[in-house]
Amino acid sequence: MLIDSHAHLDDKRFDKDRDDIISDLKKDDVDIVINPGADFLSSVKAVSLSEKYENIYAAVGIHPHDAKTMDDETINVLRDLTKKGKVVAIGEIGLDYHYDNSPRDIQQQRFREQIKLAKELKLPIIVHDRDAHKDTFDIISEELDENLTGVIHSFSASTEMAKKYIDMGFYISFSGPITFKNAKQPKEVAKEIPLEHILIETDSPYLTPEPHRGKRNQPVNVRYVAGKIAELKGIKFEEVAKVTAENTKRLFNIK
Ligand code: NI
């Protein structure tokens with residue numbers, strides 16, 4: 001059985017067939033899906049999915065794109081949300097200097113505030129880092145203490161940086177791009193770091209892996225990410241599935 005550690009099943013692109021997709025997960029050999037929030041509304045939706053379905057777990061958080069929508073009350077609202085449903089993390093949070101949808105200083109401030117909330121609640125963080133490798137790493141390093149852990153989702157930085165995160169107790173998650181022909185970096189990272197620190201994900205409905213690139217992504221496709229890692233490491237698919245599932249349960253404290 002596989003775990004998809006990051007999928008946005010609350011997305012409106014699943015409005016027509018969400019129930020079918022979730023009830024087919026077992027048949028598709030997907031045991032559990034972690035559904036992070038991206039803004040306030042999607043965090044609420046993620047929590048209600050986790051209340052409705054036993055195989056869905058939620059994270060709540062404000063994505064860097066929407067950092068500018070946060071005010072001083074937002075942290076309290078997020079804290080209240082963590083008390084509902086099966087919330088296992090704060091996320092996805094982080095920095096996005098590719099789109100710069102929110103000013104960078106606001107992104108950094110809100111990222112830090114949400115990290116502090118995670119530490120207060122002893123919840124791991126799910127981190128989004130796009131073209132902001134150094135600042136993301138610096139903020140996490142500065143905030144690091146015994147209550148902070150998490151995963152860098154859809155990892156796109158260097159092997160050297162992956163190893164530094166692992167030294168800090170963090171996990172590295174791979175998604176569809178690892179299956180793309182031209183994606184050298186994530187392939188190299190996956191080969192070099194221990195399986196015991198790897199998570200796999202789809203980031204559905206985005207980042208659809210080969211051979212389905214171009215179509216809407218869904219959790220069943222996490223198998224292609226697992227398959228690619230098995231191939232890169234020269235190990236069995238079943239071992240990748242088993243160990244990444246154990247890693248996910250350990251990180252998110254899922255029994
Ligand atoms: Ni995402």
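Our structure's up above, just so we're on the same page.
Every chain is numbered on its own, with residues counted from 1 as its sequence reads. The model is predicted, so local features are restricted to residues of pLDDT at least 70 and side-chain atom pairs to those at 80 or more, both for listing and for counting; the totals for chains, interfaces and linings are taken over all residues. Side-chain metrics rest on all non-hydrogen atoms present in the structure, leaving aside hydrogens and water.

A. Looking closely at helix α9 (residues 237-251). With 15 residues, α9 extends 21 Å from end C-alpha to end C-alpha; this agrees with the ideal 21 Å at 1.5 Å per step. Of the residues making up α9, those classed as buried are Val240, Ala241, Val243, Thr244, Ala245, Asn247, Thr248 and Leu251. By the convention used here, residues are in contact when the closest approach between their heavy atoms is within 4.5 Å. The helix and strand labels rest on DSSP assignments: H or I over at least four residues marks a helix, E over at least two residues marks a strand, and numbering proceeds from the N terminus. In this structure, the buried side of α9 is in contact with β1 (2-4), β2 (30-35), β6 (150-152), β7 (171-174), β8 (198-200) and α8 (222-233). Looking one or two residues beyond α9, the residue adopting positive phi is Asn253, at roughly 55 degrees. Helix span is expected to be 1.5 Å times the residue number reduced by one. Burial classification: accessible surface area is computed with a 1.4 Å probe over protein chains only, and a residue below 20% of its type maximum counts as buried, one above 50% as exposed, and the rest as partly exposed.

B. Expanded view of the coordination of the nickel ion. Metal sites are built from N, O and S donor atoms within 2.8 Å, or 3.2 Å for Na, K and Ca, and they leave out water, so they may look incomplete. For the nickel ion, the protein coordination sphere consists of His6 (NE2), His8 (NE2), Glu92 (OE) and Asp203 (OD), at 2.1 to 2.3 Å. Geometry at the nickel ion is irregular, judged from its four donor atoms and the angles of 84 to 174 degrees they form at the metal. Mapped onto the sequence, the donors of the nickel ion take the spacing H-x1-H-x83-E-x110-D. For the pair His6 and His8, a shared accessibility class is recorded, and that class is buried. Between 85 and 135 degrees for all angles marks four donors as tetrahedral; over 155 degrees for opposite donors together with 65 to 115 for all other angles marks four donors as square planar and six as octahedral; every other arrangement is irregular.

C. Highlighting the nonpolar core. The definition of a nonpolar core used throughout is a set of buried Ala, Val, Leu, Ile, Met, Phe, Trp, Tyr and Cys residues joined through side-chain atoms within 4.5 Å. Within the largest apolar cluster, 65 residues are counted, with the highest numbers of intra-cluster contacts made by Leu9, Ile125, Ile140, Tyr165, Ile172, Phe174 and Ile229. Looking at which element gives the most residues to this core, the answer is α8, with six residues. Not counting residues within four places of it along the chain, the set of residues in contact with Phe174 comprises Pro186, Val189, Ala190, Ile193, Ile198, Leu199, Ile200, Glu201, Val225 and Ile229.

D. Representation of the packing of aromatic side chains. Note on aromatic pairs: the rings of Phe, Tyr and Trp (six-membered ring only in Trp) are paired at centre separations within 6.5 Å, and the planes decide the class, stacked below 30 degrees, edge-to-face beyond 60, tilted for the rest. Per the stated rule, a full pass over the model turns up three aromatic pairs. Measuring from ring centre to ring centre gives 5.2 Å for Phe137 and Tyr165, while their planes differ by 75 degrees; the resulting arrangement is edge-to-face. Of this pair, Phe137 sits in helix α5 (residues 133-143) while Tyr165 sits in helix α6 (residues 159-167), and the two are 28 residues apart along the sequence. Residue class for Phe137 comes out buried when judged on its relative accessible area of 12%. Residue Tyr165 is classed as buried on the basis of its relative accessible area of 0%. Ring plane angle 45 degrees and centroid distance 6.0 Å describe the contact between Tyr165 and Phe170, whose orientation is recorded as tilted. Phe170 shares its class with Tyr165; the two are buried. Directly above the aromatic system of Tyr97 lies the positively charged group of Arg104, at a separation of 4.1 Å from the ring centroid. Remark: a charge is flagged as sitting over a ring if the NZ atom of Lys or the CZ atom of Arg is within 6 Å of the ring centre and within 35 degrees of the ring normal. Stacked on the ring of Phe180, the Lys or Arg Arg213 has its end atom at 3.5 Å from the ring centre.

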